[in-house]
Amino acid sequence: MIKRIIAVCLLSAAVVSCKKETVAADTKKTADSIALTEAKEDNYKPIDTACSPHHKTEDYITSLQWYRTKIEKEMAVNSPEQNDEVYEDYLKIRGKYTECLMSLHSDVLDKYVNYYNYDKDQYNLPDHVKNIAAELKKAGLEFREVGEGMTEIWTIPGYYPSIFKNKVTPDYAVYISQIDKESETNYAADAGLMISWEQLGNRLMFWENFINKYPQSKLIKAVKKDYNIYLSDYLLGMDNTPTFERNPDNGTGKLNDENRAEFNRIIKKYPNSNTAGKVKEVIALFDAQMPVDQIYERINAE
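Just so it is clear, the model here is predicted, and its values are computed rather than measured.

K.L.:
What is the right way to read the pattern of salt bridges from this model?
P.N.:
Side chains that carry opposite charge are capable of pairing whenever their charged atoms lie near each other. Considering all chains together, one arrives at 10 salt bridges under this definition. The shortest N-O distance in the salt bridge between E135 and K138 comes to 2.8 Å. In this pair, E135 and K138 are both assigned in helix α5 (residues 127-138), three residues apart and thus about one turn of the helix distant. On the basis of relative accessibility, which here comes to 18%, the residue E135 falls in the buried class.

Right, here's the structure in full:
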């Protein structure tokens, strides 16, 4: 009986030992696999941001994916201020790769508008273009018609906020979120405004408030530049969407009723704003019958 018990114990010990060895082997195999994957990632080098005809779509997409993984690891241990710089660098890198992709697929971009079926209100893309679009999507990119028969490659709305949310300083977080919202629709095309005057007025006030709230932000120079562009378009319009009707006889202009109503909305809602002040000035100049060319000179000089 004792011999039988000893035999059973030895058999159990052998089974347990085998199981331990199997688990250890599986663990080692998994660890080796992870180490091999990490080694491959460490050895991978993204292609140069200088465009080359030898690079393929997949090369740029893989590099873009690599950079995203890289910055996500960095941001996990960075301070918000450091991540502000990561955002700036990443924006430049994506911009350069995107330019290379546009150069690589210039023939597709030239023909893209022709793939649109107006009767069905949809695109009928050839298979090779569908494949390119699928590759671009992997890196958060898409084809975007921008007017005048032109198509470009843009970052998909929502891409940057998905990466940098809760990772950067408050001013950068607000900036990234607003820029992303504005990218959802084309701002202008064919020398004409593509959004409503009210939407433009709201954008102006958003950026004016940003300037007032974050006067020391590293973004302030870029924000002021965009604000001034928006302000000029808001006050005088664009070639195909002016805010006034010009009198060909004497060169003066009369504000469109739609624009005057919008100007009055801004004045009423934001009476003490810089935007409202400029609006009042423009209304006074048109009402005083100052020649349009002189109004342009005055507003642009300011």
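K.L.:
It is not clear to me how helix α7 (residues 170-182) should be interpreted in this structure. Could you clarify?
P.N.:
Every α-helix winds through 3.6 residues per turn, so residues three or four apart in the chain are directed the same way. The terminal C-alpha atoms of α7 lie 18 Å apart, and with 13 residues this matches the ideal 18 Å at 1.5 Å per residue to within 8%. The inward-facing, buried residues of α7 abut α3 (80-104), α6 (159-164), α8 (197-213) and α9 (220-236).

K.L.:
Explain the packing of α8 against α9 to me, please; I cannot follow it from the model alone.
P.N.:
The packing of two helices is summarised by the inter-axis angle and the distance between the axes. Running from amino to carboxyl end, α8 crosses α9 at an angle of 150°, the nearest separation of the two axes being 10 Å. The pairing of α8 with α9 is recorded here as roughly antiparallel in orientation. For the pair α8 and α9, the crossing hand works out as left-handed. Facing W197, L200, G201, R203, L204, W207, E208, F210 and I211 of α8, the residues of α9 in contact are I220, V223, K224, Y227, Y230, L231, D233 and Y234. Broken down by class, the residue content of the contact of α8 with α9 amounts to 12 nonpolar, one polar and four charged.

K.L.:
Would you explain the pairing of strand β3 (residues 141-147) in this entry?
P.N.:
Each regular strand displays side chains that alternate between the two surfaces of the sheet. Among the seven residues in β3, five count as buried, and that is most of the element. Hairpin geometry of β3 and strand β4 (residues 150-155) is characterised by an intervening segment of two residues between the two adjacent antiparallel strands and by a positive phi of about 55° at E148.

K.L.:
How do you make sense of the packing of aromatic side chains when you look at a structure like this?
P.N.:
What characterises a pair of aromatic rings is the spacing of the ring centres plus the angle enclosed by the ring planes. A complete count under the given rule lists 23 aromatic pairs for this structure. Look at Y87 and F164: their rings are 5.1 Å apart centre to centre, the planes differ by 85°, and that puts the pair in the edge-to-face class. On the criterion of sequence distance, the pair formed by Y87 in helix α3 and F164 in helix α6 is long-range, its members being 77 residues apart. Pair check on accessibility: Y87 and F164 agree, each one buried. With a centroid separation of 6.3 Å and 55° between ring planes, the pair formed by Y90 and F164 is classed as tilted. Here the residue Y90 occupies a position in helix α3, and F164 occupies one in helix α6, the gap between them amounting to 74 residues. Using a relative accessible area of 1% as the deciding quantity, one classes Y90 as buried. The class of F164 is buried, set by a relative accessible area of 2%. Through pairs of rings, three or more aromatic residues link up here, namely Y87, Y90, Y159, Y160, F164 and Y172.

K.L.:
Would you explain the side chain of H55 in this entry?
P.N.:
Within the secondary structure, H55 sits in the loop between α1 (2-43) and α2 (57-75). Residue contacts for H55: discarding those within four places in its chain leaves I47, D48, A50, Y60 and L104.

K.L.:
Explain unusual backbone geometry to me, please; I cannot follow it from the model alone.
P.N.:
Most peptide bonds are trans, and most residues other than glycine sit at a negative phi. If you check the backbone angles, D190 has positive phi at about 55° while not being a glycine. You can see D190 is positioned in the loop between β5 (188-189) and β6 (192-193). With relative accessibility at 40%, the residue D190 sits in the partly exposed group. Phi at A191 is positive, roughly 60°, even though this residue is not glycine. Within the secondary structure, A191 is located in the loop between β5 and β6.

K.L.:
Could you clarify how one ought to interpret the packing of α7 against α8 in this entry?
P.N.:
The geometry of α7 relative to α8 is characterised by a closest axis approach of 12 Å and an angle of 170° between their N-to-C directions. Relative to α8, the element α7 is oriented roughly antiparallel. Note on packing geometry: the crossing formed by α7 with α8 is left-handed. Judged by residue contacts, D171, V174, Y175, Q178, I179 and E182 of α7 engage R203, F206, W207 and F210 from α8.

K.L.:
Would you take a moment to explain the environment of D287 for this structure?
P.N.:
Counting through the fold element by element, D287 comes out in helix α11 (residues 274-287). The partly exposed category is assigned to D287, whose relative accessible area is 46%. The spatial distance from the C-alpha of D287 to the C-alpha of T252 is 9.7 Å, given a sequence separation of 35 residues. Within the local environment of D287, its side chain forms a polar contact with the side chain of R260, the two groups lying 2.8 Å apart.

Cut-offs and rules
- Residues numbered from 1 in each chain as written.
- Predicted model: local features only at pLDDT ≥ 70, side-chain atom pairs only at ≥ 80, totals over all residues.
- Heavy atoms only, no water.
- Salt bridge = Lys/Arg side-chain N within 4 Å of Asp/Glu carboxyl O.
- Helix = DSSP H or I, 4+ residues; strand = E, 2+ residues; numbered from the N terminus.
- Buried < 20%, exposed > 50% of the residue type's maximum accessible area, 1.4 Å probe, protein only.
- Expected span 1.5 Å × (residues − 1).
- Contact = heavy atoms within 4.5 Å.
- Axes fitted to C-alpha atoms, helices over the stretch in contact; angles between N-to-C directions.
- Parallel < 35°, antiparallel > 145°, perpendicular 65-115°, else oblique.
- Left-handed = near helix turned anticlockwise from the far one by under 90°.
- Nonpolar A, V, L, I, M, F, W, Y, C, P; charged D, E, K, R; others polar.
- Pairing = 2+ DSSP bridges.
- Phe/Tyr/Trp six-rings, centres within 6.5 Å; stacked < 30°, edge-to-face > 60°.
- Polar contact = N/O pair within 3.5 Å; in protein donor to acceptor, adjacent residues only side chain to side chain.

Everything listed here is a matter of coordinates, which is why it stays silent on function.
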